[in-house]
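Here is how the chains run, residue by residue.
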Number of protein chains: 2
Amino acid sequence: MPATIRDIKKQTGLSLATISKYLNGGNVLPENKVKIEAAIKDLHYEVNEIARGLVTNKTRTVGILVYSIESPFSGLILTHVGTALRKHGYGMLIADSCNDEEIEAANVKYLISKKVDGIIVIPVASKGDFLLPAKNAGIPIVLLDRSLTDAQYDCVRIDNRKSANYAMKELLNKNHKKIAVIASEKEYTGRERYNGFMDAMRDAGLDVPKEYQVRGTHSIASGYNGMKQLLALKDKPTAVFMSNYEITLGAMLAINELGYKSPDDISLVGFDDQIIFHILKPQVYMIEQPLQEMGEKAVDMLMKRVTDGSLDNPVEIALATRMVQGNSIKEM
Amino acid sequence: MPATIRDIKKQTGLSLATISKYLNGGNVLPENKVKIEAAIKDLHYEVNEIARGLVTNKTRTVGILVYSIESPFSGLILTHVGTALRKHGYGMLIADSCNDEEIEAANVKYLISKKVDGIIVIPVASKGDFLLPAKNAGIPIVLLDRSLTDAQYDCVRIDNRKSANYAMKELLNKNHKKIAVIASEKEYTGRERYNGFMDAMRDAGLDVPKEYQVRGTHSIASGYNGMKQLLALKDKPTAVFMSNYEITLGAMLAINELGYKSPDDISLVGFDDQIIFHILKPQVYMIEQPLQEMGEKAVDMLMKRVTDGSLDNPVEIALATRMVQGNSIKEM
DNA sequence: TAATGATAACGAAACGTTTCGCAAGGAACG
DNA sequence: CGTTCCTTGCGAAACGTTTCGTTATCATTA
C-alpha cells in the first residue's frame, strides 16, 4: 500500500540506484533532484527503515535495558538519554527489567533479535553474564549509573564511594558520633555508598556497631523498616545516612509515623536529590547526581563505538556530584 | 557474521521453507526437528527480526508516544503497558515528546518509518492532527489517559470530570464554601477536572469568584505560584482542589514555605495518588487512578486491532477511580 | 491393487532497500 | 582531435526471512 522506491522509479524514469543515492544525500543532477522530490511528495513516499535495515545491518535504534521503568530515577535520566539519541537520529527501544534478573536476561536476547545498534544498560544484576549474548553478537554496550563486578564495559556513573564519603563530612563536622546507615545490598550503588560511608567512619576513628548497619534492598519498604528498626534501639543513633531516593522516602515515612522529628530527634543525609525533597520537612541534605551529563556522556560513548566502530578498551567514567544543603542535621 | 537460516539449511540439508516452518511452529518430522534444533544450538542461530519484518510487514513492536518520560506518572503507567505488551510478545519503542507538540508530531513520523504495528499515545496536543500520518498509514492507535478534542480514536482513561466532582463531595460534606481550584488548562485532564470541580460547585449552589480559579500548566511551578497567589488574597479560600500530582507538589511547597499549615489554615484535595503523599504531612485526600488496569486495557484494545485486524468503530473507555482518605480536610 | 487423502518437504519468488562494478557523457588538457 | 578525468546514472546482486504452488511420500480405504 505505501509507496516504495519502485513507484518513484516509475514516475521519474530514473533507476533505483539513483533514487537511493538521492535519499542518502548523494549527488544527483538538479533536474533529477526536482523530479524525485516531486514524486516523493506526490506519492507520500517514506523510506522503509526495515528494508533499509536489512541491507545496511543498522537499525538506528538503541536498546535501553532499564532496571525498572517505574522508578522515578529512570525517567529522570532516560529523558536525557532520549534527547541525546534523537540528536544523533537514533530512537530508544526500551525494555523494562522490572527489577528481575530473569526478565533482564530475556530482554537482552530480545534486543539482539531486534538488531539494535547498541545497548545502554542500567542493570539489575551485579554480574555481567546476562550481557554475554550481546557482546558476542558484537553489539556495543554502555553501562549507566551502575557498574558490574566481573565484567568490563564502557560505563558512566558517579563516584558513589567518594560521594558517600564526602556526604558524611556534613555529619562529622557537626560532631555526630553515633551514625547509622541504611543501604541497599543487592545494587552496585548501594554497596559502593555503603563502602564510602564505612570509609568515612573509619577515617574518623568511629565505630559502627552491627545494629547500626542496615542492609536492605532498593525500596521504600526497606527504608521504612530500616528506620523503624533503628528507632527501636535502646541506644539510638543520632544520625542516619541513607543510600538512595527510595530508602530516604521510606525512612522519612517511618519517622513521621512514629512521631519523631528531624533534625531534633535524628539527623539525616540522603542520596538522589529529587524535587520532592524540597517540599518535605525538613529539607534533607542530599547528594545530587548530574543526570543530564550522565545521559549525554553515555550516548556519546555509545555513538563512538557504533558510528566510528571504535574498538578501544572499555572506559569507566566516574562523575562528581554536588551536595544539596538542607536543614536535616543538628549541631551536636 | 551471525548464523542465518541458510547455515541451518547447509547443516541439516533441509530446505529454507521447512526450517522457516519449524521456526514458526509448523509441523516437521521428529527427526528433522531434532536436526534443526541441534543446528540452531550449534550455530547460535537467532531469527533476524528485521528480515522477518520485511516480508511479514509486521515488527512486533508498538510505538509509545509519551508526553514526558520525565514525569513520574509516565513510568508508573508504562511499566504496566510494558508487561502487558511483553505477554503478547511485543516490545516498546518509546518516543519522548518532552511536552512539546512539535517533537510529538516529528515522533509520529519517526514511529511510522520504524513500521511499528501500533501506537499508544499519551498526548501533549489536544487536537489530533499530529496523528493523521499514522492514521493514513493504517497504523492502529490507542490513546491513553488523555483524550483529544477533535478526533476519534480508541481511548482508555479515567472519568476525570466525574472523579473531580466526586472528590469535591469530601470538601462540601465538611461544609467548605470558599473553595478554590488550581488546574492545568492546556491538558485534557486538567480541563476535565476543572469542569468536574465547577459542576460540583454549581450543584452545591456555590459561587467561584474568578480569583479562586487558577488555570496554569501541568507543572510544579504552576502549583507553587497558584497556591501563593491564593494565599495572598485578602479573602482566602478555606480549601483548594488541585488537578494533578505536579500541581499538588508545588502547592504544598508554597504552603510549607509560607509557614501555613494544612488542614488548620487550608484544606486540600488532590489528584494522582503517589507513594510520596503518604509521607507528606498532612496526608492529602487524593483521587487514585487504576494504572494497571489502564495500561492493560490499552494494550488489549491495541492488540485487538493489530492481530484481529478489527475495524470496529473507536471506543472510549472511562474507568472509575478511588478516593484515598487523608487528613488534609478540616471540618468547618 | 488402485485410487484417495493427508502430511511434509521443496524451489522460487517476493519484501524494499543499498551497493558494487561498470558505462556514458562531458569538460579539461596537451 | 585523442586522451584522461570526473561526475552521474544504471543494472544486478544482495540482505535473511516468509509464503505460494507444487511435488513426493506414505498410510488408508474401497
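Keep in mind it's a predicted model, so treat the numbers as computed, not measured. The residue count restarts for each chain, going from 1 along the sequence in the order it is written. Think of it this way: whatever chain is written first is A, whatever ligand is written first is 1, and the rest follow in order. Residue-level local features of this predicted model are given only where pLDDT is at least 70; pairs of side-chain atoms are given and counted only at 80 or more, and the full residue set underlies all totals for whole chains, interfaces and linings. Think of the side-chain values as coming from all heavy atoms in the structure, minus any hydrogens and water.

Enquirer: Which parts of the structure should I look at to understand the packing of helix 1 (residues 5–12) of chain B against helix 3 (residues 30–43) of chain B?
Expert: For any two helices packed against each other, one specifies the inter-axial angle together with the distance between the axes. Residue and element names in this part refer to chain B. Note on method: axes are straight lines fitted to C-alpha atoms, helices fitted across the in-contact stretch only, with angles between N-to-C directions ranging 0 to 180 degrees. A run of H or I in DSSP becomes a helix once it reaches four residues, and a run of E becomes a strand once it reaches two; helices and strands are each numbered from the N terminus. One way to put it is that helix 1 packs onto helix 3 with a least axis distance of 9 Å and a crossing angle of 125 degrees. When the axes of helix 1 and helix 3 are compared, the pair comes out oblique. Crossing of helix 1 against helix 3: the hand is right-handed. In this structure, helix 1 uses Asp7, Ile8, Gln11 and Thr12 to contact helix 3, whose residues at the interface are Lys35, Ile36, Ala39, Ile40, Asp42 and Leu43. Across the contact of helix 1 with helix 3, the residue classes break down as five nonpolar, two polar and three charged. These descriptions rest on fixed angle ranges, namely under 35 degrees for roughly parallel, over 145 for roughly antiparallel, 65 to 115 for roughly perpendicular, and the rest for oblique. Each helix crossing is assigned a hand: it is left-handed if the near helix lies turned anticlockwise from the far helix by less than a right angle, otherwise right-handed if that turn is clockwise. We call two residues in contact whenever any of their non-hydrogen atoms come within 4.5 Å of each other. Residues are grouped as follows: Ala, Val, Leu, Ile, Met, Phe, Trp, Tyr, Cys and Pro are nonpolar; Asp, Glu, Lys and Arg are charged; every other residue, Gly included, is polar.

Enquirer: So what exactly am I meant to see when it comes to unusual backbone geometry here?
Expert: Residues apart from glycine generally show negative phi values, whereas peptide bonds are mostly found in trans. Of the consecutive residues serine 262 of chain A and proline 263 of chain A, the connecting peptide bond is found in the cis state with omega at 5 degrees. If you trace the backbone, proline 263 of chain A turns up in the loop between helix 11 (245–258) and strand 9 (267–271). For arginine 60 of chain B, which is not glycine, the phi dihedral falls at a positive 55 degrees. Relative to the helices and strands, arginine 60 of chain B is located in the loop between helix 4 (49–56) and strand 1 (61–66).

Enquirer: I'm lost on the domain arrangement of chain A in this one. Help?
Expert: Domains assigned within chain A are domain 1 (5–56), domain 2 (61–157 + 291–317) and domain 3 (160–289). Where each domain starts and ends follows an automatic or database-derived domain assignment. Computed over C-alpha atoms, the centres of domain 1 of chain A and domain 3 of chain A are 61 Å apart.

Enquirer: Sorry, what's going on with the sheet that holds strand 12 (residues 322–324) of chain A here?
Expert: Remark on secondary structure: sheet strands pair via backbone hydrogen bonds, oriented parallel or antiparallel. Residues and elements named next belong to chain A. In this analysis, strands are considered paired if DSSP registers two or more bridges between them. With mixed pairing, the six strands of this open sheet are ordered in space as 7-6-8-9-10-12. With one partner strand each, in any of the chains shown, strand 7 (213–216) and strand 12 form the two edges of the open sheet. Adjacent strand axes in the sheet meet at a mean angle of 15 degrees, parallel and antiparallel pairs treated alike. In terms of strand pairing, strand 8 (residues 239–242) meets strand 9 through three bridges, oriented parallel.

Enquirer: Help me out: how do you make sense of the relation of the copies chain A and chain B in this one?
Expert: Relating one copy of the chain to the other requires a rotation about an axis plus a shift along that axis. The copies were overlaid by least squares, fitting only the C-alpha atoms of residues that reach a pLDDT of 70 or more in each copy. Mapping chain A onto chain B leaves a residual RMSD of 0.1 Å; the transformation is a rotation of 180 degrees accompanied by 0.1 Å of translation along its axis. Taken together, the rotation and translation relating the two chain copies correspond to the operation of a two-fold axis. Considering only C-alpha atoms, the residue of chain A closest to the rotation axis is leucine 93 of chain A, which sits at 2.2 Å. By residue overlap, the copies meet face to face through one surface: 98% of the interface positions of chain A are interface positions in chain B.

Enquirer: How should I be thinking about the interface of chain A and chain B in this particular structure?
Expert: Interface size is often expressed as the accessible area that is lost when the parts come together. Between chain A and chain B, the contact holds 46 residues from the first and 45 residues from the second. In this assembly, chain A packs against chain B so that about 4,200 Å² is buried in total across both faces, 64% of it on carbon and sulfur atoms. Any carboxyl oxygen of Asp or Glu that lies within 4 Å of a side-chain nitrogen of Lys or Arg is treated as forming a salt bridge with it. Taken together, chain A and chain B are joined by zero salt bridges. Here a polar contact is recorded for every N or O atom pair within 3.5 Å, except that within protein the pair must consist of a potential hydrogen donor and a potential acceptor, and residues adjacent in sequence are included only if both atoms are side-chain atoms. Here chain A is connected to chain B by 14 residue pairs in polar contact (both at pLDDT 80 or more). Buried area adds together the accessible area that both of two parts lose upon being put together, with accessible area traced by a 1.4 Å probe.

Enquirer: Honestly, the protein's contact with DNA strand C in this entry has me stumped. Any pointers?
Expert: We call a residue near a molecule or strand as soon as one heavy atom of that residue lies within 4 Å of the molecule or strand. Taken together, 27 residues lie near DNA strand C, and Ile5, Ser20 and Arg52 of chain A together with Ser15 and Asn32 of chain B sit nearest. Backbone sugar and phosphate groups make up 70% of those atoms of DNA strand C lying within 4 Å of the protein. Residue serine 15 of chain B places a main-chain N or O atom 2.6 Å away from a phosphate oxygen belonging to DNA strand C. Leucine 29 of chain B is positioned such that a nitrogen or oxygen atom in its backbone is 3.3 Å from a phosphate oxygen of DNA strand C. When residues of the surface near DNA strand C are traced back to their parent elements, those giving at least two are helix 1 (5–12), helix 2 (16–23) and helix 4 (49–56) of chain A together with helix 2 (16–23) and helix 4 of chain B. Considering each element in turn, the surface near DNA strand C owes the most residues, five residues, to helix 4 of chain A. Considering only residue class, the surface near DNA strand C consists of 13 nonpolar, 10 polar and four charged.

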